[in-house]
Amino acid sequence: MPDTGLPPLAFSACPLDRGEAVRRDATTLAALQADPAGRRIVLRGGEPLISHNGQLIRFPLNDPRFAPDRELIFLGFEDGTALFAGETADSSDPFEDSRFSDPRAAGMRLEMGEAGIFAFARSLLLWRERRSFCSSCGDRLKDGCGGLKRDCIACGAEHFPRTDPVVIMLPVDGDRCLLGRQAAWPPRMWSALAGFMEPGETIEEACARETAEETGIKVDHARAEYIASQPWPFPSSLMIGLIVPAISRDVTIDTAELETARWFTKAEIAAMLAGEHPDADVPPKIAIARRLLEVWAAR
């Protein structure tokens, strides 16, 4: 990975020891879940309960407040203490100096490692919620490995969480870069191009295909430069950030994908990053799209 000199991206840098060996031992897991020294974090509707100073609220496992409505998921060890996560259906108001936060806003408010723990928890909990039945035989599934897989007792199939890879790329042409915008975005907002990878293609091939499909621009994907990746728990993607040379210039928009796209000069990007452009903004600091622009503008 290139050394950008910039801090880790939001939702990354999860500091936990995920306890792989412990996950395979049902007896040890049960003992950890019964240990009052253990802790749990709470989500409600995918929103984490956080403190005013950017920390996830941790409850003792026997604390009745915001009790989980299903079995807890084991996240791992935090300084030797077992940490779990669960969704609650408790609609009570949070206590003083805490609140349930919109997930994207949480990515901006939480400290770096805390956001990484939240991303891990949210992706697992959403996956479990959506994976109730076996796709092979239709029978009900139960948690395995502390929630990191789901098992079918009827046919023996094992189901594991998905992580969906997404390429997000900044095509560049000398002192210009190409950004797009969708009609649903806030006014003034522009961002890097992006799309899900498809079966049977490399990261570089997906970069070329998505750029051509959305804007008609051809890129030299053999020279695509990897910049960084970012877990994106909405619900569970991995954003793969690239800067890639363009080999054509004329933009042809696919209106099913974008409202418009245009070339921006490096001076314009610098003004956008500083919040000083008269009619264009870049994504917030939690987004890898902004990181691509920061890296390119600094060169």
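For the structure, see preceding data.
Computed from a predicted model, the values in this text were never measured in an experiment. (Residues numbered from 1 in each chain as written. Predicted model: local features only at pLDDT ≥ 70, side-chain atom pairs only at ≥ 80, totals over all residues. Heavy atoms only, no water.)

(A) The arrangement of the nonpolar core in detail. Core analysis: the biggest nonpolar cluster contains 48 residues, and Phe-11, Ile-41, Leu-75, Leu-170, Cys-177 and Leu-179 have the highest contact counts within it. When residues of this core are assigned to their parent elements, the largest contribution, eight residues, is made by helix H4 (residues 112-130). Non-local contacts of Leu-170, meaning those with residues more than four positions away in its chain, are made with Cys-177, Leu-178, Leu-179, Leu-242, Ile-243, Val-244, Leu-292, Leu-293 and Trp-296. Judged by nonpolar contacts, the second largest core, of 18 residues, contains Ala-206, Ile-217, Ile-240 and Leu-242. (Core = buried A, V, L, I, M, F, W, Y, C linked by side-chain atoms within 4.5 Å. Buried < 20%, exposed > 50% of the residue type's maximum accessible area, 1.4 Å probe, protein only. Helix = DSSP H or I, 4+ residues; strand = E, 2+ residues; numbered from the N terminus. Contact = heavy atoms within 4.5 Å.)

(B) View of the sheet that holds strand E9 (residues 158-159). One open sheet accounts for three strands, arranged E7-E8-E9; its pairing is antiparallel. The two strands at the open ends of the sheet, each matched to only one other strand, are strand E7 (141-144) and E9. In this sheet, E9 lies alongside strand E8 (residues 149-152) in antiparallel orientation, the contact comprising two bridges. Bridge pairing in E9 links Arg-150 to His-159. (Pairing = 2+ DSSP bridges.)

(C) Quick peek at the packing of helix H6 (residues 266-273) against helix H7 (residues 288-297). Two elements in contact, H6 and H7, have axes separated by 10 Å at closest approach and are oriented at 125°. In terms of orientation, H6 lies oblique with respect to H7. In this structure, H6 meets H7 at a crossing whose hand is left-handed. Touching Lys-266, Ile-269 and Leu-273 of H6 are Arg-290, Leu-293, Glu-294, Trp-296 and Ala-297, all from H7. (Axes fitted to C-alpha atoms, helices over the stretch in contact; angles between N-to-C directions. Parallel < 35°, antiparallel > 145°, perpendicular 65-115°, else oblique. Left-handed = near helix turned anticlockwise from the far one by under 90°.)

(D) Spotlight on the pairing of strand E1 (residues 39-44). As paired elements, E1 and strand E3 (residues 58-60) share three bridges and run antiparallel to each other. When the bridges of E3 are listed, Arg-39 appears paired with Pro-60. Note that E1 and strand E5 (residues 81-87) share five bridges and pair parallel. Across the sheet, residue Val-42 finds its bridge partner in E5, namely Gly-86. Sheet topology note: the E1/strand E2 (residues 47-51) ladder contains two bridges and is antiparallel. Counterpart to Arg-44 in the pairing with E2 is Glu-47. The loop that links E1 with its antiparallel partner E2 comprises two residues; one of these, Gly-45, has a positive phi angle of about 60°.

(E) Expanded view of the side chain of Arg-128. Mapped onto the secondary structure, Arg-128 falls in helix H4. Setting aside residues up to four positions removed in sequence, Arg-128 forms contacts with Arg-70, Glu-71, Leu-72, Ile-73, Asp-143 and Arg-150.

(F) Just the state of the cysteines, in detail. Within this structure, the stated rule accounts for zero disulfides. For the unlinked cysteine Cys-134, the closest cysteine sulfur is that of Cys-155, found at 3.7 Å. Cys-207 provides the cysteine sulfur closest to Cys-177, a residue in no disulfide bond, and the two sulfurs are 14 Å apart. (Disulfide = S-S within 2.5 Å.)

(G) Looking closely at H6. For H6, the full list of buried residues reads Lys-266, Ile-269, Ala-271 and Met-272. Against strand E11 (176-181), strand E15 (260-265) and H7 lie the buried residues of H6.

(H) Looking closely at the pattern of salt bridges. A complete count under the given rule lists 22 salt bridges for this structure. With a shortest N-O distance of 2.8 Å, Asp-143 and Arg-128 are connected by a salt bridge. With Asp-143 in strand E7 and Arg-128 in helix H4, this pair connects stretches of sequence that are 15 residues apart. The two residues Asp-143 and Arg-128 agree in class, both being buried. When the shortest N-O distance is used, the salt bridge between Arg-299 and Glu-225 registers 2.7 Å. Taken as a pair, Arg-299 in the segment after H7 and Glu-225 in strand E13 (residues 225-232) lie far apart in primary sequence, 74 residues in all. The class of Arg-299 is partly exposed, set by a relative accessible area of 49%. It is possible to trace a salt-bridge network through shared partners that takes in Glu-198, Glu-201, Arg-209, Glu-210 and Glu-213. (Salt bridge = Lys/Arg side-chain N within 4 Å of Asp/Glu carboxyl O.)

(I) Seen up close, the side chain of Ser-98. When you line up the elements, Ser-98 lands in strand E6 (residues 98-100). What makes Ser-98 buried here is its relative accessible area of 14%. Polar contacts involving the side chain of Ser-98 include one to the main-chain carbonyl oxygen of Phe-95, which spans 2.8 Å. For Ser-98, the residues in contact, after removing those within four places along its chain, are Leu-49, Ile-50, Ser-51 and Ile-57. (Polar contact = N/O pair within 3.5 Å; in protein donor to acceptor, adjacent residues only side chain to side chain.)

(J) Summary view of the pairing of E11. Burial analysis of E11 places five of its six residues in the buried class, which makes it a mostly covered element. The sheet contact formed by strand E10 (residues 164-173) and E11 spans two bridges and is antiparallel. Paired with Val-172 across the strands is Cys-177, a residue of E11. Taking the residues that link successive antiparallel strands as the turn, the E10-E11 hairpin has two residues, and the phi of Gly-174 there is positive, at about 65°. Where E11 and E15 come together, six bridges link them in antiparallel fashion. Residue pairing in the sheet places Cys-177 in a bridge with Phe-264 of E15.

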